[in-house]
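Single-letter residue listing:
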Amino acid sequence: MTAMLVVKLGGSAGIDPALTLDDLAALWPEHRIVFIHGANAVLDEWMRRLGREPRLVTSSTGQVSRFTDRETMDLMLMVYAGLVNKRLVEGLQQRGINAVGLTAMDGRIASGPRKDVLRAIENGKPKVLRGDYAGSIEQVDTRLLDLLLDNGYLPVLTPPAVSDQGEAINVDGDKLAMQLAVALRAEALVILSNTPGLLRDVRDPASLIATIDVSDPASVEAAMTAAQGRMKKKVEAGCKAVQSGIGRVVFADARLPQPIQRALAGVGTVLTAGSRVEVRP
Ligand SMILES: Nc1ncnc2c1ncn2[C@@H]1O[C@H](COP(=O)(O)OP(=O)(O)OP(=O)(O)O)[C@@H](O)[C@H]1O
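Residues numbered from 1 in each chain as written. Predicted model: local features only at pLDDT ≥ 70, side-chain atom pairs only at ≥ 80, totals over all residues. Heavy atoms only, no water.

In the annotation of an unreviewed UniProt entry, the chain is listed under the name Putative [LysW]-aminoadipate kinase and assigned to Thermomicrobium roseum. Looking at the chain in UniProt, the text filed under Catalytic activity (unreviewed entry) is "[amino-group carrier protein]-C-terminal-N-(1,4-dicarboxybutan-1-yl)-L-glutamine + ATP = [amino-group carrier protein]-C-terminal-N-(1-carboxy-5-phosphooxy-5-oxopentan-1-yl)-L-glutamine + ADP". (UniProt positions renumbered as here; feature names shortened; annotations may be inferred.)

Here it is as C-alpha cells:
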C-alpha cells in the first residue's frame, strides 16, 4: 500500500519552496500526499506594502498569534488562498503533478468555533481584543481530500478554516496538519520550516534537539522550554500527533535539498513515543 504523508511547509521568511516542490515531485505518486502550507512572511510583506502593520499578540498563556480583524482576513485570503497557494499549485503543475489548491474552509475540511475575543498581553499590559477572526479546529472532514487523492490529484491546503457559523477563521497551520495527519492515518507528518528543527538555543543552529520523547514528561518540558513564540505551537502539535498514533513526526529544515526525504530519514527533530517508534532511514 502507498504510504500516506502529510507535509507542512511553513510560511516563515527565508524559505525557497522550490526545494520542497522538487522533493514532492520525487515522492509523488508513489506516496499519497497532502501538502499544507503557511504564508506568514508574505502576508506581513503585503500588509506593509498596503500600509498596514501586522499585529502579533501574545496570549496570557504565552502563545503568539496574529490578531485577524476583518480587513486582515481579507488580506489573508488574498495571500494564503490566492498568491501563495496558487504559486505552489503552479510550481507543482510545472513538475507534472496535478495539484489542486484549497483552503481548509473548502468542503469544511477543518471547522470549529470562532473565538472573537483575544485576551492578550501587549507592551506588557493585559488587553481584551474583540473582532478576531480566529478559532480552533474541532472537526476535520477528509472526504474531499480522499476524493482528490483517489483520483490522482495532490491537495495543496492552507488556512483559513471555517467556523461553526460559516465564517473564515484563522487557524494554526501546524495544528491543521496534525489533525489531518491523524484523520488520514498518515504514516508520517513532516513539518518544514526555516530552522534545522527544534533548537536548544534559537540563535545557535548547531544546538539541535534531535529527539523529543513524547512519553517522557521531562523531554516534553525541555522541548517546550526551548521553543519560543510560535515554535511552542509546533511542539504541542507534534506531541499530539505522536500521542494520536502518527508513527513519524519530524521538524526539519525547508532550506536544504530534498527536505522531505531528509526528514523521513530522521534529519531534524524526531518526535517519538519511547522505544515504540523507530525512524527508518
Ligand atoms: N527553539 C527554537 N528552535 C527553532 N526555532 C524556533 C525556536 N524558538 C522559536 N523558533 C522560531 O520559530 C519559527 C518557526 O515557527 P513559525 O510558526 O514562525 O513558522 P512557520 O511554521 O514556518 O510559519 P507559518 O505559521 O506561516 O506556517 C522559526 O523561524 C524560529 O525563529
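That shown, we press on.
> Could you give an account of the UniProt feature "binding site: substrate" (unreviewed entry) in the chain, with specific residues and numbers?
Per the UniProt record, "binding site: substrate" (unreviewed entry) is found at Arg 66 and Asn 170. On the basis of their most widely separated C-alpha atoms, the annotated residues across 105 residues gather in one place, lying no more than 8.5 Å apart. Looking at the secondary structure, you find Arg 66 in strand E4 (residues 64-66). We classify Arg 66 as buried; its relative accessible area is 8%. With residues near it in sequence (within four places) discarded, Arg 66 still touches Asn 40, Leu 43, Asp 44, Met 47, Pro 54, Arg 55, Leu 56, Thr 72, Asp 132 and Asn 170. A polar contact of 3.4 Å, which involves the side chain of Arg 66, links it to the backbone oxygen of Asn 40. (Helix = DSSP H or I, 4+ residues; strand = E, 2+ residues; numbered from the N terminus. Buried < 20%, exposed > 50% of the residue type's maximum accessible area, 1.4 Å probe, protein only. Contact = heavy atoms within 4.5 Å. Polar contact = N/O pair within 3.5 Å; in protein donor to acceptor, adjacent residues only side chain to side chain.)

> How would you summarise the packing of aromatic side chains if you had to cite specific residues and measurements?
As enumerated under the stated definition, the model contains 0 aromatic pairs in all. Sitting over the ring of Trp 46, Arg 49 keeps its end group 4.2 Å from the ring centre. (Phe/Tyr/Trp six-rings, centres within 6.5 Å; stacked < 30°, edge-to-face > 60°. Lys NZ or Arg CZ within 6 Å of the ring centre and 35° of its normal.)

> Quick one: what's the story with the environment of Val 57, residue by residue and with numbers?
Summarising the element assignment, Val 57 is placed in strand E3 (residues 56-59). In this structure Val 57 touches Gln 63, Val 64, Ser 65, Phe 67, Leu 118, Ala 120, Glu 122 and Leu 129, once residues within four positions along its chain are discounted.

> An account of the UniProt feature "domain: Aspartate/glutamate/uridylate kinase" (unreviewed entry) in the chain is needed here, citing residue identities and associated values.
Look at the UniProt record and you will see "domain: Aspartate/glutamate/uridylate kinase" (unreviewed entry) annotated at residues 4-250. As annotated, residues 4-250 comprises 36% helix and 26% strand, and the C-alpha atoms at either end are separated by 15 Å.

> I'd like a description of the pairing of strand E13 (residues 188-193), backed by residues and values.
E13 sits mainly inside the fold: 6 of its 6 residues count as buried. Of the two faces of E13, both are covered, the one formed by Ala 188, Val 190 and Leu 192 as well as the one formed by Leu 189, Ile 191 and Ser 193. Where strand E1 (residues 4-9) lies against E13, 5 bridges are found, and the strand directions are parallel. Its bridge partner being in E13, Leu 5 is matched across the sheet by Ala 188. In the sheet, E13 pairs with strand E15 (residues 248-253) via 6 bridges, with the strands oriented parallel. Of the residues in E15, the one forming a bridge with Ile 191 is Phe 251. (Pairing = 2+ DSSP bridges.)

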